[in-house]
There are 6 protein chains.
Amino acid sequence: MVSAHSADFVWRAGGAIALYASRGWRVKIVCLSYGERGESAKLWRAPGMTLEKVKEARHREAQAAADLLGGELECFDLGDYPMRVPDEALYRLADVYRELQPEFVLTHSLEDPYNFDHPLTAHVAQEARVIAQAMGHKPGGSVLGAPGVFLFEPHQTEQCNWKPQVLLDITPVWEKKRQAFELMAAQEYLWDYYTRVALNRGVQAARNSNKKHIKYAEAYQRVFPHVTEELS
Amino acid sequence: MVSAHSADFVWRAGGAIALYASRGWRVKIVCLSYGERGESAKLWRAPGMTLEKVKEARHREAQAAADLLGGELECFDLGDYPMRVPDEALYRLADVYRELQPEFVLTHSLEDPYNFDHPLTAHVAQEARVIAQAMGHKPGGSVLGAPGVFLFEPHQTEQCNWKPQVLLDITPVWEKKRQAFELMAAQEYLWDYYTRVALNRGVQAARNSNKKHIKYAEAYQRVFPHVTEELS
Amino acid sequence: MVSAHSADFVWRAGGAIALYASRGWRVKIVCLSYGERGESAKLWRAPGMTLEKVKEARHREAQAAADLLGGELECFDLGDYPMRVPDEALYRLADVYRELQPEFVLTHSLEDPYNFDHPLTAHVAQEARVIAQAMGHKPGGSVLGAPGVFLFEPHQTEQCNWKPQVLLDITPVWEKKRQAFELMAAQEYLWDYYTRVALNRGVQAARNSNKKHIKYAEAYQRVFPHVTEELS
Amino acid sequence: MVSAHSADFVWRAGGAIALYASRGWRVKIVCLSYGERGESAKLWRAPGMTLEKVKEARHREAQAAADLLGGELECFDLGDYPMRVPDEALYRLADVYRELQPEFVLTHSLEDPYNFDHPLTAHVAQEARVIAQAMGHKPGGSVLGAPGVFLFEPHQTEQCNWKPQVLLDITPVWEKKRQAFELMAAQEYLWDYYTRVALNRGVQAARNSNKKHIKYAEAYQRVFPHVTEELS
Amino acid sequence: MVSAHSADFVWRAGGAIALYASRGWRVKIVCLSYGERGESAKLWRAPGMTLEKVKEARHREAQAAADLLGGELECFDLGDYPMRVPDEALYRLADVYRELQPEFVLTHSLEDPYNFDHPLTAHVAQEARVIAQAMGHKPGGSVLGAPGVFLFEPHQTEQCNWKPQVLLDITPVWEKKRQAFELMAAQEYLWDYYTRVALNRGVQAARNSNKKHIKYAEAYQRVFPHVTEELS
Amino acid sequence: MVSAHSADFVWRAGGAIALYASRGWRVKIVCLSYGERGESAKLWRAPGMTLEKVKEARHREAQAAADLLGGELECFDLGDYPMRVPDEALYRLADVYRELQPEFVLTHSLEDPYNFDHPLTAHVAQEARVIAQAMGHKPGGSVLGAPGVFLFEPHQTEQCNWKPQVLLDITPVWEKKRQAFELMAAQEYLWDYYTRVALNRGVQAARNSNKKHIKYAEAYQRVFPHVTEELS
């Protein structure tokens, strides 16, 4: 899971994290930045605030959310608005992939006119994946296979040319996801927004299948074809 | 499985048919037309040929292929080049859906500048599906659920704006599919073409996963989101 | 306002209708069908139900909603699932345009794999508009100008390739729109769904402007360029 | 050349017609309609005008333009706004293709929200082409090969999702094309519009090549790949 | 207004600048480069020309055009072909936004295969806007709201995947715009080209509305939805 | 011809190179990298392998293939996975263009989620072309004209949003191309894959024309419109 700012993983993929953690998987969350400049408006309104204090507060929130959901948090602290990614960070992420050998990767949409750190993060997540696959990158190490890449839902889907191709049932872990929302004190205005998103994606999931018990869902776009033995 | 002409199902979805038949599923193949005018050039070169004789020959070939692959064939005989679909045919297809209650539907791509019967068939397959879902269509019958719709590979994918989102491993049934090709005497020039398609989709399937044993694959585009409990 | 089924106008454009009616405009609602077969599942569950009774119930609901919102209802009763539109209906709609001389036209999205009556209605709304503009159609009458066409929000926007280009503030009339929802007894499961849509579009409207007072919004896609003296 | 209304061929492909006629080719112009209702506003302003008189005037104009440019005119008189195409017209056009065996076909863009007769004509031009290729259509006749299809420039290109892939130098025949414009008395307001289009496409043609002598050009979109021995 | 090279604002947005200046608005024009290497061919043909001289000449022309149109010019002098934008330039532009608090921003199209400085400028204009919105960027300053972003017309619209969504009537200020063209001595060959563009966009504006008095227009694509109380 | 890694030119454009070389043209092949890290898996499996040895082996293979096909090889050795292109490399490529004055340029597709070096190379090939056209870049030199840019076929076309607009008949030089494949010992698994691609593109070329003798073809997408005196 590669997200741009330290709260993105909660709104966009908190259900997937909690679901897989509940199944006993190891789930790694890499945050390239704390979103300290561009996604912490509420914190900045406090008197005497500094960049370091904002980053600490954001780190605490993200850590608490990761703990609650059952994921491991790793923060690269690359800055935000604008995020800049040196090649070392790319290699560090490639190392994470090789060490973890993930079954799949979750990241941002490929476009987002509201937030240029998001598509950059998606690019980095993908480019590091390709580097980790290269036999000649740090030769001798065990190269990465071909994990699927899933793009989670951006704030305004249509403006980002993002389409939901997968609807993941997160009903069993919804309460956890909502609790994680409430740990994100800096962005309280998003709690209800993303609750409504989860409910409407749930309605759509039930409608697009015969699984009428689904109440909450998360939506993802695939980057690569789904290789399978089943059409379903 | 709704195909336009009576050989389409062989090239484009013969693997899926054989695979599911081999698992004991009931697989129904609806051919809206025999392709008697536009896809039977070789037959027309025989002396004394008539429309009826071409249709009979095409029916025999399609029946033999369906038998080999393990599917049930139903032909609507609506004509081709151009195909015209009266509402009765639409309702008849809706009846097929309701009787069968399929887990999924396979049909043509949404566009095809080389063959206007193909996108029309895709439209009909989808419209009949929606009619079969309508509670007020033949009220009292058991309505259709929400089976997924998969669009199989057209002859020139890029010109049809078709994208492979699912790669189905058909290695276990490849020999059956190739044998079915060879029953299509009227279109011998396609045997090797679609063998190469299957091999290259197989290479792609192996590359897009860690399933290095895949040698042959069929590709499909989804119409609706995949509702699932798994990201894979 | 040209909608396919007799409840569509409530979910998708009820705010615009109430807003313009509240400003003293004449707002005309044309429903091509009652949605009696495909959008009245709840009614069909009642014992002894017939097509005529469903249509009557749907007409009553639609009339009540139109009255509440302040629009004039006209039903063409063309049937649904599938809807079929004879040329006479097209000419009748062209007459409506010419009589009304609307400032703008609202209708469905151009694509919708869940509902083929919707894009057909959008096509009819546009084709009738062009006919009404033709000097040689019923010559002597007063031809239609060039009213803008706005496509209202479909149930699953991304699958319909629909994009919100206009966000209309409907906060002042929200209560009316919600009350109209509650008149649609046949589709109660949509009340909350479209309330959430309105709230999330409201958040987006506030975010895409400095109008922080917006709480509810409706979204539209434009067909034609916006001709203006202002960039805003 | 298959055009919807009897003046379309002048604005959109008059240069290609004149160019090929000047090289001694036989150029056939099929007009499906006279555009008597929707594209003859000026004529309808005359007192005592009737549909028949408009059609006669439009026929005279089109014939004069065809004569000037060097093409053969054939009018199907199918009506306009809306145009309706019975299968007989489709077969008649297929006969034209078989008789003529054209090297290429010119027709309208695939989309046009301003004019629904145009994309219908493009569809008909293509579907008739495929029918003419079918061995079993009027068996015994000589089937059509695979002529390329070029879509000429619509009035508002971007709204029609049309892209110029070919820029044809029409400088040598520009004067003829402009004269043909001036024969279209019913649509005088388009003379300068399409002169400006030709000049700006000419600037683009010069810029996209080293042919600095080009002053006037016509633009086309291809439907099919260009099969060639040259990259140029 | 953020343009790549020092003449771009004249051809592409000179009308908007003159129009808003004539209404008493403060209009700021930021040119990232003088276009001294790639858009000054005529100047380079003079004997003894140097980069500095070209930049001076381009600056004089741009200043004269800005004065005539009524805008304030600021040049960042970042070089061209290729333009390279250090983060300091991005922050400087963010400062301009914060100081000015613009109602809207005009810039280049998102793609342009003829000129890579143009999409880069569009990216910079948008990224700086997002930085200026970030509470934690130079905290304590007054952050930017959410001004709309309008993309002006590129030289070959279809190749740039750019669509006109807004047609701005510039008839009242056309003479000023044409005079500004004639100050651009280095690119005389574009005077008539963009005059024709303005006339044809004017015809389209009249056709897409009932404003038959429009003679000249400029076209823009929106990046964000239009938040409004009016459908028009 | 600008390719990312030192074998790309063989699979993707080997036919065009051999064809034009056989006609006596000078064909230049620029490889930005050896693909030493990401496209040399087989070599890395040998014991004691180092980056330098891999590069040497790849250089030898590429040189042998270039010699066989008849092209001149120039390697920029910029590294791969990820490739990074300093401005000096861009200027060096611009110098190559100016020295060679090519009739056309071949390069990679604009997108490729499997390989980020490929779209970067396409960007560099295009940006250098535009720089070489700039009168003010190294003034006094002879600037580049407007050679067409053709994008050769990526490994998975649909995922790269690449479309074949040109099918080049490479039947006369096929044997050479296949021999060049066999020199690429490091990527033996691609020999048959690209043989099948060439055969299927050949079938398509024959089908899209009346040139039934075509057996092998290469496909290209155009970036710019084709300026021509012929529609064919």
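Conventions adopted
- Residues numbered from 1 in each chain as written.
- Chains lettered and ligands numbered in written order.
- Predicted model: local features only at pLDDT ≥ 70, side-chain atom pairs only at ≥ 80, totals over all residues.
- Heavy atoms only, no water.
- Pairing = 2+ DSSP bridges.
- Helix = DSSP H or I, 4+ residues; strand = E, 2+ residues; numbered from the N terminus.
- Phe/Tyr/Trp six-rings, centres within 6.5 Å; stacked < 30°, edge-to-face > 60°.
- Buried < 20%, exposed > 50% of the residue type's maximum accessible area, 1.4 Å probe, protein only.
- Lys NZ or Arg CZ within 6 Å of the ring centre and 35° of its normal.
- Contact = heavy atoms within 4.5 Å.
- Axes fitted to C-alpha atoms, helices over the stretch in contact; angles between N-to-C directions.
- Least-squares fit on C-alpha atoms with pLDDT ≥ 70 in both.
- Buried area = accessible area lost by both parts, 1.4 Å probe.
- Salt bridge = Lys/Arg side-chain N within 4 Å of Asp/Glu carboxyl O.
- Polar contact = N/O pair within 3.5 Å; in protein donor to acceptor, adjacent residues only side chain to side chain.
- Expected span 1.5 Å × (residues − 1).
- Nonpolar A, V, L, I, M, F, W, Y, C, P; charged D, E, K, R; others polar.
- Parallel < 35°, antiparallel > 145°, perpendicular 65-115°, else oblique.

### Describing the sheet that holds strand E2 (residues 28-31) of chain D
Residues and elements named next belong to chain D. An order of E1-E2-E3 is seen for the three strands of this open sheet, with the pairing classed as parallel. Pairing within the sheet leaves two strands with one partner each, and these edge strands are strand E1 (2-3) and strand E3 (72-75). Pairing of E1 with E2 involves two bridges; the strand directions are parallel. Considered in E2, the bridge of Ser3 is made with Cys31.

### Concerning the packing of aromatic side chains
Here a ring pair, both rings aromatic, is described through the centre-centre distance and the interplanar angle of the planes. What the rule picks out here adds up to 66 aromatic pairs over all chains. The interplanar angle of 65° and the centroid separation of 5.1 Å between the aromatic rings of Tyr20(B) and Phe104(B) together place this pair among those described as edge-to-face. In this pair, Tyr20(B) sits in helix H1 (residues 8-22) while Phe104(B) sits in strand E4 (residues 104-107), placing the two residues 84 residues apart along the sequence. For the pair formed by Tyr20(B) and Phe104(B), the shared burial category is buried. Taken together, a centroid distance of 4.6 Å and an interplanar angle of 75° make the contact between Tyr20(D) and Trp25(D) edge-to-face. We classify Tyr20(D) as buried; its relative accessible area is 2%. Through a chain of ring-to-ring contacts, the aromatic side chains of Trp11(A), Trp174(A), Phe181(A), Tyr193(A), Tyr194(A) and Tyr216(A) assemble into a single cluster. Directly above the ring of Tyr114(C) sits Arg207(A), whose terminal nitrogen or CZ lies 4.7 Å from the centroid. One Lys or Arg, Arg23(F), reaches over the ring of Tyr20(F) and ends 4.9 Å from the middle of that ring.

### Here's the deal with the sheet that holds strand E2 (residues 28-31) of chain F
Residues and elements named next belong to chain F. Taken in spatial order, the three strands line up as E1-E2-E3 in an open sheet, and their pairing is parallel. Looking along the sheet, the strands with just one partner apiece sit at the ends: strand E1 (2-3) and strand E3 (72-75). The strands that helix H4 (residues 87-100) touches are E1, E2 and E3; relative to E2, the one it contacts most, it runs at about 180°.

### A closer look at the relation of the copies chain A and chain F
The operation relating chain A to chain F is a screw motion whose rotation component is 120°, with 0.0 Å of axial translation and a residual RMSD of 0.0 Å. In short, the pair behaves as if placed about a three-fold rotation axis.

### Points about the relation of the copies chain C and chain E
Its rotation angle being 180°, the transformation that places chain C on chain E also includes 0.0 Å of axial translation and leaves an RMSD of 0.0 Å. Such a turn and shift between the copies fits a two-fold axis. The position closest to the rotation axis in chain C is occupied by the C-alpha of Gln165(C), lying 4.6 Å away. A symmetric contact is evident, with 100% of the interface residues of chain C recurring at the interface of chain E.

### A closer look at the interface of chain C and chain E
Accessible area lost during the coming together of the parts is what is often quoted as the interface size. Contacts between the two partners involve 33 residues from chain C and, on the opposite side, 33 residues from chain E. Between chain C and chain E lies a buried interface of about 3000 Å² when both sides are counted; carbon and sulfur atoms form 52% of it. Per-residue buried area on chain C facing chain E is highest for Val227(C), Glu229(C) and Leu231(C); these three make up 26% of the total on that side. At the boundary of chain C and chain E, one finds four salt bridges. Taken together, chain C and chain E are joined by 26 residue pairs in polar contact (both at pLDDT 80 or more). At the level of elements, helix H1 (8-22), strand E4 (104-107), strand E6 (166-169), helix H7 (191-207), strand E7 (217-222) and strand E8 (226-228) of chain C are the ones that each hand at least two residues to the side of chain C that touches chain E.

### Things to note about the arrangement of the chains
Without any contact between them, chain A and chain D keep their closest C-alpha atoms 17 Å apart. Of all C-alpha pairs spanning chain C and chain F, none lies closer than 17 Å, and the two are not in contact.

### Overview of H7(C)
The end-to-end C-alpha distance of H7(C), which contains 17 residues, comes to 25 Å, matching closely the 24 Å that a straight helix rising 1.5 Å per residue would cover. With 14 of its 17 residues buried, H7(C) lies for the most part within the structure.

### Considering unusual backbone geometry
Omega for the bond connecting Tyr81(A) with Pro82(A) falls within 30 degrees of zero, at 5°, which places this linkage in the cis form. Secondary-structure assignment places Pro82(A) in the loop between strand E3 (72-75) and helix H4 (87-100). Despite not being glycine, Asp77(C) shows a phi value in the positive range, around 55°. Tracing the chain through its elements places Asp77(C) in the loop between strand E3 (72-75) and helix H4 (87-100). Relative accessible area serves as the criterion here: at 35%, Asp77(C) is assigned to the partly exposed category. Here the phi dihedral of Lys138(E) falls at roughly 45°; this positive angle occurs in a residue that is not glycine. Here Lys138(E) is to be found in the loop between helix H5 (117-133) and strand E5 (148-152). Taking the relative accessible area as the measure of exposure, Lys138(E) reaches 44% and is therefore partly exposed.

### Thoughts on the interface of chain A and chain F
Listed per partner, the contact involves 16 residues of chain A and 15 residues of chain F. Summing the contributions of chain A and of chain F, the shared interface buries around 1400 Å²; its carbon and sulfur component is 66%. One salt bridge connects Arg84(F) with Glu127(A), and the closest N-O pair in it is separated by 3.6 Å. Inspection of the region where chain A meets chain F yields four residue pairs in polar contact (both at pLDDT 80 or more). For the side of chain A that touches chain F, the secondary structure elements donating two or more residues are H4 and helix H5 (117-133) of chain A. Residue classes in the side of chain A that touches chain F are distributed as 10 nonpolar, four polar and two charged.

### Section: the packing of helix H3 (residues 51-69) of chain F against helix H6 (residues 174-183) of chain F
Residue and element names in this part refer to chain F. Relative orientation of the contacting elements H3 and H6 amounts to 170°, with a least axis distance of 9 Å. As summarised for this structure, H3 and H6 are arranged roughly antiparallel, according to the angle between their axes. On the side of H3, the interface is formed by Glu61, Ala64, Ala65, Leu68 and Leu69, while H6 contributes Lys176, Lys177, Gln179, Ala180 and Leu183. Of the residues in the contact of H3 with H6, the class split is six nonpolar, one polar and three charged.

So yeah, pure geometry; function would need other evidence.
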